[in-house]
Amino acid sequence: MDKLVIRGGHPLFGEVAIAGAKNAALPILCATLLTSEKIILRNLPDLQDVRTMLKLLGQMGVLIHFPNPADRSVLEIQAQTIDKPEATYDMVKTMRASILVLGPLLARFGKARVSLPGGCAIGARPVDQHMKGMQAMGAQMEVEHGYIEAYAASPRKKLRGARILTDMITVTGTENLLMAAVLAEGTTVLENAAREPEVTDLAHLLIAMGANIQGLGTDHLTIIGVEALHGAEYEIIADRIETGTFLCAVAATGGEITIKKCRPQTLEAVIAKLREAGLEMEISSDTIRAKMAQRPKPVSFRTSEYPAFPTDMQAQFMALNTIASGSSRVTETIFENRFMHVQEMNRLGAKVAIEGNTAVIEGVAHLSGAILMATDLRASASLVIAGLVADGETIVDRIYHLDRGYDRMERKLNALGADITRVK
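Per chain, residue numbering runs from 1 following the sequence as it is written. With the structure being a predicted model, the display of local features is reserved for residues of pLDDT at least 70 and the display and counting of side-chain atom pairs for 80 or more, all residues being used for whole-chain, interface and lining totals. Heavy atoms throughout the structure, all of them, feed into the side-chain values; hydrogens and water do not.

Undergrad: I'm lost on the packing of aromatic side chains in this one. Help?
TA: The description of an aromatic ring pair uses the distance of the two centres, along with the angle that the planes make with each other. Aromatic rings from Phe, Tyr and Trp, taking only the six-membered ring of Trp, are treated as a pair when their centres fall within 6.5 Å; an angle between ring planes under 30 degrees marks them as stacked, one over 60 as edge-to-face, and anything in between as tilted. All told, the structure shown has 3 aromatic pairs when counted by the stated rule. With 5.6 Å between their ring centres and 85° between their planes, F309 and F317 make a pair best called edge-to-face. The pair formed by F309 and F317 is uniform in burial state, with each residue classed as buried. Each residue in the set F301, F309 and F317 is aromatic and connected to the rest through ring pairs, giving one cluster. When a residue's accessible area, from a 1.4 Å probe over protein chains only, is under 20% of the maximum for its type it is buried; when over 50% it is exposed; and in between it is partly exposed.

Quick look at the structure:
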């Protein structure tokens with residue numbers, strides 16, 4: 001199992017390019033199941049979760065081809081023949097996003113067998129909203145032996161349009177129902193839909209494939225079903241969470257970096273809080289120049305659905321708050337177990353206390369290196385940031401979590417002047 005050895009105390013300088021968004025790439029890969037024609041994807045990130053999803057699709061019979069094996073950012077993929085419309089437990093247990101094959105399989109083939117998902121241990125993320133929506137569209141569903149067994153009950157084995165109001169805002173639920181609806185008979189209306197940029201990116205691909213979707217970027221999506229979708233060529237948006245992570249890193253260490261190939265407009269809430277912390281930024285359409293020449297100021301915030309402050313940036317920003325010049329409060333409203341990094345940060349000398357769903361942080365002048373254990377994807381990134389500013393040597397264990405969502409993070413940080421070594 002790999003570890004990162006970080007020798008802290010180095011400010012960051014230079015340029016870094018942002019990869020494609022993990023949270024857009026995974027549903028987009030699932031969307032390729034909706035057509036028998038070839039899809040060409042660009043800006044695909046080379047992440048463990050992406051490799052897992054490709055392996056899952058390959059097991060179903062999807063043809064996967066990288067025109068240049070040395071460049072895994074361009075993919076040709078074609079679901080011409082699906083031998084087995086099933087996602088087994090062995091594949092799904094490591095990655096919750098595997099549930100996103102349910103909607104496309106049910107929409108195109110009229111049946112699906114998908115294991116109940118696993119993923120990061122950051123709290124309960126039930127799939128009942130996915131199932132409720134598809135049942136409203138005419139699907140028959142049962143959960144047996146840990147699997148969702150689903151089929152379309154109509155004579156043509158097609159789903160039918162429906163008005164669906166989810167009990168909560170759910171990103172993967174919106175994506176699954178969106179993909180199920182594009183081939184359904186009639187019109188589907190999704191109320192209380194997630195507005196995240198990754199949802200909109202998926203919708204843009206579906207439109208490029210011939211889908212009829214209205215209301216992009218709002219919580220009210222209208223989908224008029226079509227008989228079939230066709231092939232397309234599409235470029236995945238830049239990862240706003242990777243962008244925010246590097247901004248937090250330079251805000252913590254000091255220095256000056258230029259972030260290229262990013263989408264600043266998708267990260268406005270985080271950028272506002274980083275400015276509040278003292279990070280100076282010059283922003284263009286796809287570039288951010290960020291400079292930090294002072295100790296961070298404490299910033300309090302509350303996570304919520306897009307366009308508010310994202311839960312996926314909470315841990316990284318908390319690392320910044322641990323060395324801020326004062327106290328702050330961070331309230332987590334999305335996942336109940338997303339403070340598992342706090343115990344590890346306190347091992348570095350941070351002063352963080354938990355009060356219900358709120359973390360109270362008293363900034364300290366210095367952190368000191370220690371051996372840490374990553375508990376989930378974003379917690380891993382926060383521990384790396386903390387290690388970058390800690391005195392001495394920090395070891396972050398179980399970084400397979402990090403590799404699920406960041407494309408060669410230690411290489412990119414080393415190119416900016418950090419001192420990080422990956423060891424077995």
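Undergrad: When you look at the environment of L413 in this model, what are you seeing that I'm missing?
TA: Only runs of H or I of at least four residues qualify as helices and only runs of E of at least two qualify as strands under DSSP, and these elements are numbered from the N terminus. Looking at where L413 falls in the secondary structure, it is placed in helix α14 (residues 409-415). Separated by 244 residues in sequence, L413 and I169 have C-alpha atoms that sit 34 Å apart. Non-local contacts of L413, meaning those with residues more than four positions away in its chain, are made with L12, F246, V384, L388, A418 and I420. Should any heavy atoms of two residues lie within 4.5 Å, those residues are considered in contact.

Undergrad: How should unusual backbone geometry be read in this particular structure?
TA: With an omega dihedral of 15°, the bond running from Y306 to P307 counts as a cis peptide bond. Among the structural elements, P307 can be located in the loop between β18 (301-302) and α10 (314-321). Located in the positive-phi region is H145, a residue other than glycine, with phi close to 55°. Its location among the elements puts H145 in the loop between β8 (139-144) and β9 (147-152). For K261, which is not a glycine, the phi torsion comes out positive at approximately 60°.

Undergrad: What exactly am I supposed to notice about the sheet that holds β9 here?
TA: Pairing between the strands of a sheet is mediated by backbone hydrogen bonds and can be parallel or antiparallel. Strands sit in the order β6-β7-β9-β8 across an open sheet of 4 strands; the sheet is mixed. The sheet is open, and its two edges are formed by β6 (86-87) and β8, each paired on a single side. Whether two strands pair comes down to DSSP finding at least two bridges between them. As paired strands, β6 and strand β7 (residues 111-115) are joined by 2 bridges and run parallel to one another. Residue A87 lies in a different strand from β7, and its bridge partner there is V114. Only C-alpha atoms enter the line fits that serve as axes; for helices the fit covers just the stretch in contact. Angles between N-to-C directions range over 0 to 180 degrees. Across the face of the sheet, helix α4 (residues 102-109) comes into contact with β6, β7, β8 and β9 while running at roughly 160° to β7.

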